[in-house]
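Here's the letter readout for the chains.
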Amino acid sequence: MTSAPGTRPFHVLIVGGGGTGGALAHDLTLRGLHVTLVERGEFTSGTTGRHHGLLHSGARYAVGDAESAIECIEENTILRRICPGTFEENGGLFVAITDEDMEYYDEFVKACADCGIPAQELTREQALAFEPNLNPSLKAAVRVPDATMDAMRMPLRFFATAKRNGADLRNYVEVLDLVVNNRVVSGAVVRDHVTGKVAEISADVVVNATGPWSEKVAAMAGVDVPIRPSPGVMLALRGRLCNMVVNRMHRSGDGDIIVPQRALSIIGTSSWTVDDPEELDVPEDHVQRMYEEGAKLIPDVARAELRSAWSAARPLIGSRGDADTGRELSRTFKTYDHAETDGVEGFVTITGGKATTLRGMAELCADIVCRKLGVEAECRTRETELAPHSEAYAA
Ligand SMILES: Cc1cc2nc3c(=O)[nH]c(=O)nc-3n(C[C@H](O)[C@H](O)[C@H](O)COP(=O)(O)OP(=O)(O)OC[C@H]3O[C@@H](n4cnc5c(N)ncnc54)[C@H](O)[C@@H]3O)c2cc1C
């Protein structure tokens, strides 16, 4: 049972309406806090609404980034429980095409076991029985619990449930500046892009959940959050070329994931780093590379018609100079209580991670917010079934 917003003792302002902000609004509302979320555009219009739509099993990260892999498999299991009907239960294959891929095979299978990721080893014939369009010269494959999700509808279920429980969710409202006095953040100056009005929203804690924009928003409070925005290109090809998520079995590289989405096949991705998350171009050579690498997994990719190509920026944690391509940086997430890291009260940042791990990120961040406010309330998001995504827009 949640109390009415007017009776709630503390007000938290969340900046950023991607999956991370939405999941946090849900968690804090369930813990009895009064929550306002502001998003400068449409909800999920940042990186969240633009990714492949792959519910990661964690297998992609098992060899090089065990922390992210374990987060993914834990959250994959929880999300299937709390979001029934949202995922296509199609599973994923990691496919070895070359001798070099086979050299990675044993390490991959062992790493999946070490991270608790169920992995079923398949012969070439078994893999082709699952996916007849695979490259017939494949050598072996491993089946893992990847799945397809709708990149917008899954997180919108968190928004919908937060709204049902009293959160105030405002889209097209941009934070122009933070209100900071004597190293205490007490609110934000916002512009409503529909009415044009500028106003101030005060809060006991402000949470920066702006993904690749985290560094910019943190700078409004005079603190540094080292984010390397890392864009990647994705292609939507006409035709459903596979029914399972198909991955190449090697260290993460370009064009090595194919995700079936409705009647399309999404191929991704590349990875480079930029200074500004608005720098989202779609280089032609990346489009060609997606075609070339994708066709190594499924030869029909080479002949498939391009419906669209786009890019999105990952919010990877790392300073300038730490990375050239972004693949060197972990896919895990981080929460900063800026009172502890920078001596600035009333301000918390949550960034990094994956869409797959949005609930777990929110849980950790909500624990920190509650601790700061002296609120003792258990996280209930592991078991709370989410409302339908359509409720996020209900009047
Ligand atoms: C190419 C690519 C492929 C990916 N594929 C997958 C995948 O298949 N599966 C998976 O699990 N993960 C995937 N990811 C990762 C995943 O998309 C991100 O980790 C996740 O979406 C980040 O969500 P977020 O809410 O933290 O950030 P965002 O979704 O970017 O949300 C931040 C929001 O803050 C808003 N904002 C910024 N500044 C302000 C301001 N001043 N005032 C108000 N609002 C503001 C922005 O408009 C934005 O909507 C992929 C990422 C990339 C780049």
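Let me begin by describing the structure that accompanies this report. Given the structure is predicted, the values throughout are model-derived calculations rather than measurements.

Before going further, it helps to examine the pairing of strand β2 (residues 34-39). Of all six residues in β2, five are buried, a share of seventy percent or more. Two strands pair when backbone bridges link them, and strand β1 (residues 11-15) and β2 are joined in this way by five bridges, in the parallel orientation. Directly across from I14, in β2, lies its bridge partner L37. Assessed by its sense of winding, the connection that carries the chain from β1 through helix α1 (residues 19-30) to β2 is right-handed. Where β2 lies against strand β9 (residues 168-171), four bridges are found, and the strand directions are parallel. Within the sheet, the bridge partner assigned to T36 lies in β9 and is D168.

Orientation of helix α2 (residues 66-82) relative to helix α9 (residues 358-373), taken along the N-to-C sense of each, is 100°, at an axis distance of 9 Å. One element, α2, and the other, α9, form an angle in the roughly perpendicular class. Contacts between α2 and α9 involve E75, I78, L79 and I82 from the former and L358, R359 and G360 from the latter. Across the contact of α2 with α9, the residue classes tally to four nonpolar, one polar and two charged.

It is worth spelling out the site of the ligand at this point. Close contacts around the ligand come from 35 residues, with T20, E39, T48, L54 and T356 the closest. One nitrogen or oxygen atom from the main chain of T47 is found 3.0 Å from an oxygen atom belonging to the ligand. At 2.5 Å from an oxygen atom of the ligand is found a side-chain nitrogen or oxygen belonging to T48. For the shell around the ligand, the secondary structure elements donating two or more residues are α1, β2, β10 (173-181), β14 (227-238) and β18 (306-317).

Taking 1.5 Å per residue, 14 residues should reach 20 Å; helix α7 (residues 284-297) reaches 21 Å between its end C-alpha atoms and fits that length. By the burial criterion, the buried members of α7 are H286, V287, M290, Y291, E293, G294, A295 and L297. Looking at the buried side of α7, the elements it contacts are β5 (92-96), β14, β15 (245-248), β16 (257-261), β17 (264-268) and β18.

Right, let's talk about the packing of aromatic side chains for a bit. For the structure shown, the criterion picks out three aromatic pairs. On the numbers, 5.0 Å between centres and 35° between planes, the contact of F43 with F159 is tilted. With F43 in the loop between β2 and β3 (54-55) and F159 in helix α5 (residues 153-164), the pair connects residues that are 116 residues apart, well separated along the chain. Here the two residues F43 and F159 agree in accessibility, since each one is buried. Ring centres of F94 and F108 lie 4.9 Å apart, and the angle between their planes is 35°; on these two criteria the pair is classed as tilted. Taken as a pair, F94 in strand β5 and F108 in helix α3 (residues 99-115) lie far apart in primary sequence, 14 residues in all. In this structure, F94 and F108 share a single accessibility class: buried. Pairwise contacts between aromatic rings join F94, Y104 and F108 into one cluster.

Enumeration over the complete set of coordinates arrives at 30 salt bridges. The closest approach of N and O atoms between D275 and R228, which form a salt bridge, is 3.4 Å. Taken together, the residues span a long stretch of sequence, with D275 in the loop between β17 and α7 and R228 in strand β14 at a distance of 47 residues. R228 gets classed as buried once you look at its relative accessible area, which sits at 6%.

Let us look at the environment of H338. With respect to the secondary-structure elements, H338 resides in helix α8 (residues 338-342). Judged by relative accessible area, which is 0%, H338 ranks as buried. Sequence spacing of H338 and V223 is 115 residues, and the spatial spacing of their C-alpha atoms is 7.7 Å. H338 has contacts with V223, V225, G343, V344, F347, V348 and T349, leaving out every residue within four places of it along the chain.

Reading guide: rules and limits
Here, residues in each chain are numbered from 1, in the same order as that chain's written sequence. Thresholds applied to this predicted model are a pLDDT of at least 70 for local features of residues and 80 or more for the giving and counting of side-chain atom pairs; totals over whole chains, interfaces and linings are not thresholded and use all residues. With hydrogens and water set aside, each side-chain value is computed from the structure's full complement of heavy atoms. Only protein chains enter the accessibility calculation, which uses a 1.4 Å probe. A residue is then buried if its area is under 20% of the maximum for its type, exposed if over 50%, and partly exposed in between. We count a stretch as a helix when DSSP gives it H or I for four or more residues in a row; a strand needs E for two or more, and each element gets its number in order from the N terminus. Any two strands between which DSSP finds at least two bridges are classified as paired. Here a crossover is taken to be right-handed if, once the strands point away from the viewer, the path from the first strand over the helix to the second is traced clockwise. Every axis corresponds to a line fitted to the C-alpha atoms, with the helix fit spanning only the stretch in contact, and the corresponding angles, defined between N-to-C directions, vary from 0 to 180 degrees. For classification purposes, angles smaller than 35 degrees are called roughly parallel, those larger than 145 roughly antiparallel, those between 65 and 115 roughly perpendicular, and all remaining angles oblique. Any two residues having at least one pair of non-hydrogen atoms within 4.5 Å are treated as being in contact. Three classes are used, and their members are as follows: Ala, Val, Leu, Ile, Met, Phe, Trp, Tyr, Cys and Pro are nonpolar, Asp, Glu, Lys and Arg are charged, and the others, Gly among them, are polar. Proximity criterion: a residue is near a molecule or strand once any of its heavy atoms comes within 4 Å of it. Polar contact is the term for a pair of N or O atoms within 3.5 Å; when the atoms are in protein, one must be able to donate a hydrogen and the other to accept it, and sequence-neighboring residues count only if both atoms are side-chain atoms. To estimate how far a helix should reach, multiply one less than its number of residues by 1.5 Å. Any two rings among Phe, Tyr and Trp, with Trp reduced to its six-membered ring, count as a pair given centres within 6.5 Å; such a pair is stacked if its planes are under 30 degrees apart, edge-to-face if over 60, and tilted if neither. Any carboxyl oxygen of Asp or Glu that lies within 4 Å of a side-chain nitrogen of Lys or Arg is treated as forming a salt bridge with it.

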